[in-house]
Amino acid sequence: MAINYNEHFGECVQRVREEGRYRTFATLARKAGAFPKAMYHAEDGSSREVTIWCSNDYLGMGQNPKVLQAAKEALDNVGAGAGGTRNISGTTIYHKMLEESVADLHQKEAGLVFSSGYVANEGALSTLGKLMPGCAVFSDSMNHASMIHGIKGAKCEKFIFRHNDIEYLESQLRSIDIKRPKIIAFESVYSMDGDIAPIKEICDLAEKYNAMTYLDEVHAVGLYGPRGGGIAEQRGLLDRVDILEGTFGKGYGCMGGFITGSRSMIDAIRCYAAGFIFTTSLPPSVLASAHAAVEHLKVSQIERKQLQENAAMFKNMLRNADLPFMDAQSHIVPLIVGEPNCCREVTSILLEEYDLYVQPINYPTVPKGTERLRMTATAVHTQADMEIMAGALEHLWNTHHGLIALAMQSKECPANLAGAQA
Ligand SMILES: *Cc1c(COP(=O)(O)O)cnc(C)c1O
């Protein structure tokens, strides 16, 4: 009997739909120079201007004139693609320049650029683990999927410690032979809650128990520290972390990932990581723009300062409106709804009635029952933008509060939520 593959995959998708976590993408065209405004292209073919509230282009570097100019010049000078893997004719002066730039950013001997932050984490962690027989990896329970996949690929013993829980981590470290090689893998700013790791305390434990430290600073590079080196730089801890990882895709507004560390560690990853070796390297225009963004933010404080001011101002507005946002230490502002369909409904009202775009964050990105809006008041949002968003949320929460509360209790979105709009 023939197997009906299409029916099978249709059923797989149906399961996702039933759980309320079927993902629909919003099609947007940002306007360079006008971000956070963008054209939203709806399913029905119509389009209109909206304000983006969930971008990771935290500093607006994606439209910075220097960044755009660098990309244009590289494109005109050397053409579109790199033309090969790094090993086979795909290494350009732009790679060299960018790797020197990130090594300097973190005051490390060497840097290595990957296609994305995801590939950097996956490649680096899987390689480090594989190259150390008997290695054990200690991984924060809230680590990003890219780190989890890297650690899985390393195929070594794995301990998952309770999020940011130093005592728990120590009890796990203590449980195995001090002579075994160990990696502690964690993030600085956690992307979904916006909280920050106790980096110093983790480094102290690493020293005490003979472990290497691997820190994902994806949501912090460009944003924190006097030169944008991240939270480790801000706290004066760069030299205590063995490998730092970051992206050019978020605060730097471009694309690509990187790691920095000692020459021997970086060289080993360069030699062994499949995700680094067997893929065409990033195009020069992207590398040139990333380089311009990194260098600009080593010097300029304006964007960082504006981001912090905006985040504080926006949080204040939400606080005054009594909205249940998570008040973490970073620029990320999560507002918990607690149920996936309800979460989607709230975002669809925001988009349809207020022209405010914020994507619902549902399981498995966050635990079930903590579905949320994850908002970012970037450096380029105006006070008026923030007042509009806070006002819309306040109105929604006031008119729907009973329904949202009910949804959180019953874990079900009331059918009349959209209809109950005042
Ligand atoms: C986004 C993200 C990554 C991946 O970076 P990309 O450059 O987008 O692939 C890695 N770690 C964390 C914590 C992230 O949020």
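Residues numbered from 1 in each chain as written. Predicted model: local features only at pLDDT ≥ 70, side-chain atom pairs only at ≥ 80, totals over all residues. Heavy atoms only, no water.

Comments concerning the overall build of the protein
Point 1. For the protein, the helix and strand inventory stands at 15 helices and 14 strands.
Point 2. The globule rule puts the C-alpha radius of gyration for 422 residues at 22 Å, and the 22 Å found for the protein is close to it.
Point 3. Principal axes of the C-alpha set define a box for the protein whose edges measure 65 × 60 × 55 Å.
Point 4. Out of the 422 residues in the protein, the part that is buried amounts to 54%. (Helix = DSSP H or I, 4+ residues; strand = E, 2+ residues; numbered from the N terminus. Rg over C-alpha atoms; globule rule 2.2 N^0.38 Å. Buried < 20%, exposed > 50% of the residue type's maximum accessible area, 1.4 Å probe, protein only.)

So, the site of the ligand
Point 1. Around the ligand there are 13 residues in total, and G117, D216, H219, T247 and K250 lie nearest to it.
Point 2. Backbone polar atom of Y118 to an oxygen atom of the ligand: 2.8 Å apart, as the coordinates give it.
Point 3. Residue contributions to the shell around the ligand peak at three residues, all from helix 5 (residues 117-130).
Point 4. For the shell around the ligand, a count of residues per class yields two nonpolar, eight polar and three charged. (Near = heavy atom within 4 Å. Polar contact = N/O pair within 3.5 Å; in protein donor to acceptor, adjacent residues only side chain to side chain. Nonpolar A, V, L, I, M, F, W, Y, C, P; charged D, E, K, R; others polar.)

With respect to the packing of helix 5 against helix 10 (residues 263-272)
Point 1. Viewed as axis vectors pointing N to C, helix 5 and helix 10 meet at an angle of 100°, and their least axial separation amounts to 9 Å. By the angle between their axes, helix 5 is roughly perpendicular relative to helix 10. In contact with A124, T127 and L128 of helix 5, helix 10 contributes A268, I269 and Y272.
Point 2. Across the contact of helix 5 with helix 10, the residue classes break down as five nonpolar, one polar and no charged. (Axes fitted to C-alpha atoms, helices over the stretch in contact; angles between N-to-C directions. Parallel < 35°, antiparallel > 145°, perpendicular 65-115°, else oblique. Contact = heavy atoms within 4.5 Å.)

Focus on the side chain of K108
Point 1. Note on placement: K108 falls in the loop between helix 4 (93-105) and strand 4 (110-114).
Point 2. Those residues in contact with K108 that sit more than four places away from it in its chain are A103, L238, D239, V241, D242, L244, T260 and G261.

Observations concerning the sheet that holds strand 8 (residues 211-216)
Point 1. Pairing is mixed across the open sheet formed by seven strands, whose spatial order is 4-10-9-8-7-5-6. Where the open sheet ends on each side, the last strands, each with one partner, are strand 4 and strand 6 (157-161). Pairwise comparison of adjacent strand axes, ignoring direction, gives a mean angle of 20° for this sheet.
Point 2. Of the strands in this sheet, strand 5 (136-140), strand 6 and strand 7 (182-187) are in contact with helix 7 (residues 166-174), which crosses strand 6 at around 160°. (Pairing = 2+ DSSP bridges.)

Points about the pattern of salt bridges
Point 1. Following the criterion strictly, the structure yields 22 salt bridges and no others.
Point 2. When the shortest N-O distance is used, the salt bridge between D385 and K37 registers 2.9 Å. Here K37 lies in strand 2 (residues 37-41) and D385 lies in helix 15 (residues 383-410), a separation of 348 residues in the sequence.
Point 3. Residue classification places D385 among the buried residues on the basis of a relative accessible area of 7%.
Point 4. Here K37 falls in the partly exposed class, since its relative accessible area comes to 23%. (Salt bridge = Lys/Arg side-chain N within 4 Å of Asp/Glu carboxyl O.)

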